Amino acid sequence: WPVSNLSRYVPEQCRVSYGGSVILDFRLSFMPANSKWLRLLGVALLVAIMVATLVPAGWQVRLGLHWLVEHFLAYFAVTTIFCLAWPRPMQVAAVLLPLALLLEAAQGLTPDRTPDPATALSAATGVALAALLTDLFLTLRQKARGVKRP
């Protein structure tokens, strides 16, 4: 089936037409960009990261990945969620980047943990990459709709 035939089954708020054909939008119709559920999920993940950062090392739950990969994925996920909840990726990154660095530095206040520059860089990379990719996605989506982003 051509994409144009499928467009009648897609809700209006999920359609984007570009160059005469319909391109599907990735935003779900039941979860708008400023959804309170996305914000709540982002805050919950951020609190989980804070707790995992400051609890004793023996209490942490690990995924089995390298700790640098875990830091990257955690901050990538929380940044992406916040960028979808507040579609201003660079402002989200401006808040989360210093927070990631401060949380890593705060590990020096715990008795059994030490701050690590490589871990801080991994977290900062997750924040920056998520913000840049979300900004690219939002820009392309707005271009396809023919609307300029503020």
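These figures come from a predicted structure and were not determined experimentally.

On to the overall build of the protein, then. In terms of regular secondary structure, the protein is built from five helices and two strands. Counting from the amino terminus, the protein carries its helices and strands in the arrangement α-β-β-α-α-α-α. For the protein, the accessible surface area stands at approximately 9,600 Å², while carbon and sulfur atoms represent 71% of it.

What follows concerns the packing of aromatic side chains. What the rule picks out here adds up to two aromatic pairs. When the centroid spacing of 5.7 Å and the interplanar angle of 25 degrees are considered together, the rings of Phe72 and Phe76 count as stacked. Of this pair, Phe72 and Phe76 are both found in helix H3 (residues 67-85), four residues apart, which corresponds to roughly one turn of the helix. Geometrically, the ring pair formed by Phe82 and Trp86 is stacked, given 5.5 Å between the ring centres and 20 degrees between the ring planes. On the basis of relative accessible area, Trp86 is assigned to the partly exposed category, the value being 36%.

With that out of the way, let us pick up the confidence of the model for the protein. Scored by pLDDT, the protein comes out at a mean of 77, with 72% of its residues at no less than 70. In this model residues 20-31 is a low-confidence stretch, pLDDT under 50, and it forms 28 contacts with partners more than four residues away in sequence or in other chains.

Bringing the environment of Ala106 into the picture now. Tracing the sequence through the fold places Ala106 in helix H4 (residues 89-106). C-alpha of Ala106 to C-alpha of Thr53: the two residues are 53 residues apart in sequence and 8.3 Å apart in space.

Formed by 14 residues in total, the largest nonpolar core has its most connected members in Tyr75, Val78, Phe82 and Leu96. When residues of this core are assigned to their parent elements, the largest contribution, five residues, is made by H4. Apart from residues lying up to four places away in sequence, Tyr75 is in contact with Ile49, Ala100, Leu103, Ala123, Gly126 and Val127.

Moving on, we get to empty space enclosed by the protein. Taken as a whole, this structure holds one cavity of 30 Å³ or more when the rule is applied. Taken as a whole, the largest cavity encloses approximately 30 Å³ of empty space. As for the largest cavity, its lining consists of Thr53, His71, Tyr75, Ala100, Glu104, Thr119, Ala120 and Ala123. Per element, the largest residue contribution to the lining of the largest cavity is three residues, and it comes from helix H5 (residues 117-145). Residues of the lining of the largest cavity, tallied by class, amount to four nonpolar, three polar and one charged.

Another aspect to go through is the packing of H3 against H5. Between H3 and H5, whose axes approach to 7 Å, the crossing angle comes to 35 degrees. Helix-helix and strand crossings are classified by hand; for H3 and H5 the assignment is right-handed. Across the interface between the two elements, Trp67, Leu68, His71, Phe72, Tyr75, Phe76, Thr79, Thr80 and Cys83 of H3 pack against Ala118, Thr119, Ser122, Ala123, Thr125, Gly126, Val127, Leu129, Ala130, Ala131, Leu133 and Thr134 of H5. Of the residues in the contact of H3 with H5, the class split is 13 nonpolar, eight polar and no charged.

So, how was this worked out
- Residues numbered from 1 in each chain as written.
- Predicted model: local features only at pLDDT ≥ 70, side-chain atom pairs only at ≥ 80, totals over all residues.
- Heavy atoms only, no water.
- Helix = DSSP H or I, 4+ residues; strand = E, 2+ residues; numbered from the N terminus.
- Areas by Shrake-Rupley, 256 points an atom, 1.4 Å probe, with all protein chains shown as cover.
- Phe/Tyr/Trp six-rings, centres within 6.5 Å; stacked < 30°, edge-to-face > 60°.
- Buried < 20%, exposed > 50% of the residue type's maximum accessible area, 1.4 Å probe, protein only.
- pLDDT = per-residue confidence, 0-100.
- Contact = heavy atoms within 4.5 Å.
- Core = buried A, V, L, I, M, F, W, Y, C linked by side-chain atoms within 4.5 Å.
- 1 Å grid on protein atoms, 1.4 Å probe; cavity = no way out; pocket = protein on both sides within 12 Å on 5 of 7 lines; lining within 4 Å.
- Points joined across faces, edges and corners; volume = space filled by probe spheres on them.
- Nonpolar A, V, L, I, M, F, W, Y, C, P; charged D, E, K, R; others polar.
- Axes fitted to C-alpha atoms, helices over the stretch in contact; angles between N-to-C directions.
- Left-handed = near helix turned anticlockwise from the far one by under 90°.

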